[in-house]
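Next come the chains, spelled out residue by residue.
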Amino acid sequence: MRIEESVSFIFEGYRFFVMVTRKMHASRLCYDEEKKIIKIGKCLKFIVNKNINKGFGYSVSLFEKFANGEPVAMFLGDTLYKTSNSVDCITQLLNAYKSVKAPIVGITKIALEEVEKYGICSGEFLDNNIMKINKVIEKPTIEYVKNNMLLKKGKKKDCYKIFGNYIITSEIFEDLKKNLNSTNGEAQLTIALDNISKKNELYGIEIDGNSLDFGNIKSYSVNFDKYNESKNIEK
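Residues numbered from 1 in each chain as written. Predicted model: local features only at pLDDT ≥ 70, side-chain atom pairs only at ≥ 80, totals over all residues. Heavy atoms only, no water.

Enquirer: Can you tell me about the overall build of the chain, naming the residues and giving the values?
Expert: Helices and strands together make up the secondary structure of the chain, namely nine helices and 11 strands. Taking all 235 residues of the chain together, 45% fall into the buried category. In the chain, the proportion of contacts linking residues at least 24 apart, taken out of those at least 6 apart, comes to 72%. Put simply, the chain shows about 13600 Å² of open surface, and 49% of that area lies on carbon and sulfur atoms. (Helix = DSSP H or I, 4+ residues; strand = E, 2+ residues; numbered from the N terminus. Buried < 20%, exposed > 50% of the residue type's maximum accessible area, 1.4 Å probe, protein only. Contact = heavy atoms within 4.5 Å. Areas by Shrake-Rupley, 256 points an atom, 1.4 Å probe, with all protein chains shown as cover.)

This is the structure in structure tokens:
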């Protein structure tokens, strides 16, 4: 997320967590950015994950104690978020959570040929941008999505991926613990989200913006140029 937004959220009383692995690297910051991050750091909780091979869900489960029974916002460290209007992506997600008062994820349209790279969701739109999710699958085949997960909104059918921002609640933590106990210590967040969706407890908000994935070499190369072209990036 963008540093300025992090500072404003701290003024509103929100807390942040940082997941650290041995693969993360630091970059040099200008002086103004350093001052902002020092201010943010006073409200940060650092969690070190030394078992990076136990699945993304395991990493998420580590901050259950930090959440202390409260809903927490989670954003992917290898993704930059860019709003398409005056409301940043964080606030869009938070406003939607206040409306549904349940676990919620950001979602966005994706081309059918791209679905095998991402977590894909389907369900029913309750209004223009809130979806009641009933299925979440990690990297499904194009054929499966074409036959089972296309949603009609307006005149055409589209497929939707997880945008990369989440409001995590105690229900998701509980499901992750069950996964850890039944899968040799490995857990996936996508499976937990799918399980919660089957209980009619998961929503999606179609974010008015873009998420730029820097998680692999190919996407890094493509999105680096997009990042440089944009002056309104939210990380």
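Enquirer: So what about helix H5 (residues 89-100)? Which residues, and what values?
Expert: Each full turn of the α-helix corresponds to 3.6 residues, which orients residues three or four apart in the same direction. Across its 12 residues, H5 extends 17 Å between first and last C-alpha, which sits within 8% of the 16 Å expected from 1.5 Å per residue. Every buried residue belonging to H5 is among Cys89, Ile90, Gln92, Leu93, Leu94, Ala96, Tyr97 and Val100, and all of these are buried. Between the side-chain oxygen of the N-cap and the backbone nitrogen of Ile90 there are 3.1 Å, and the N-cap of H5 in question is Asp88. Downstream of H5 by a residue or two, Lys101 has a phi angle that is positive, lying close to 55 degrees. (Expected span 1.5 Å × (residues − 1). Polar contact = N/O pair within 3.5 Å; in protein donor to acceptor, adjacent residues only side chain to side chain.)

Enquirer: Account for helix H8 (residues 189-197), naming residues and giving values.
Expert: For H8, a buried count of seven out of nine residues is recorded, marking the element as mostly surrounded by other parts of the structure. Those residues of H8 not exposed but buried are Leu189, Thr190, Ala192, Leu193, Asp194, Ile196 and Ser197.

Enquirer: Could you give an account of the packing of aromatic side chains, with specific residues and numbers?
Expert: Inspection of the entire model under this criterion finds two aromatic pairs. Their ring planes at 85 degrees and their centres at 5.5 Å tell us that Phe63 and Phe173 sit as a pair that is edge-to-face. Within this pair, whereas Phe63 is found in the loop between helix H3 (56-61) and helix H4 (64-67), its partner Phe173 is found in helix H7 (residues 170-182), the two being separated by 110 residues in sequence. Accessibility assignment for this pair places Phe63 and Phe173 in one class, buried. Between Phe125 and Tyr160, the aromatic rings sit 5.4 Å apart at their centres with planes inclined by 65 degrees, giving edge-to-face as the arrangement. Of this pair, Phe125 sits in strand E6 (residues 119-125) while Tyr160 sits in strand E9 (residues 156-168), placing them 35 residues apart in sequence. Since its relative accessible area comes to 18%, Phe125 is described here as buried. Taking the ring centre of Phe125 as reference, the NZ or CZ of Lys153 above it sits at 4.6 Å. Between Lys161 and the ring centre of Tyr118, over which it is positioned, the NZ or CZ distance is 4.0 Å. (Phe/Tyr/Trp six-rings, centres within 6.5 Å; stacked < 30°, edge-to-face > 60°. Lys NZ or Arg CZ within 6 Å of the ring centre and 35° of its normal.)

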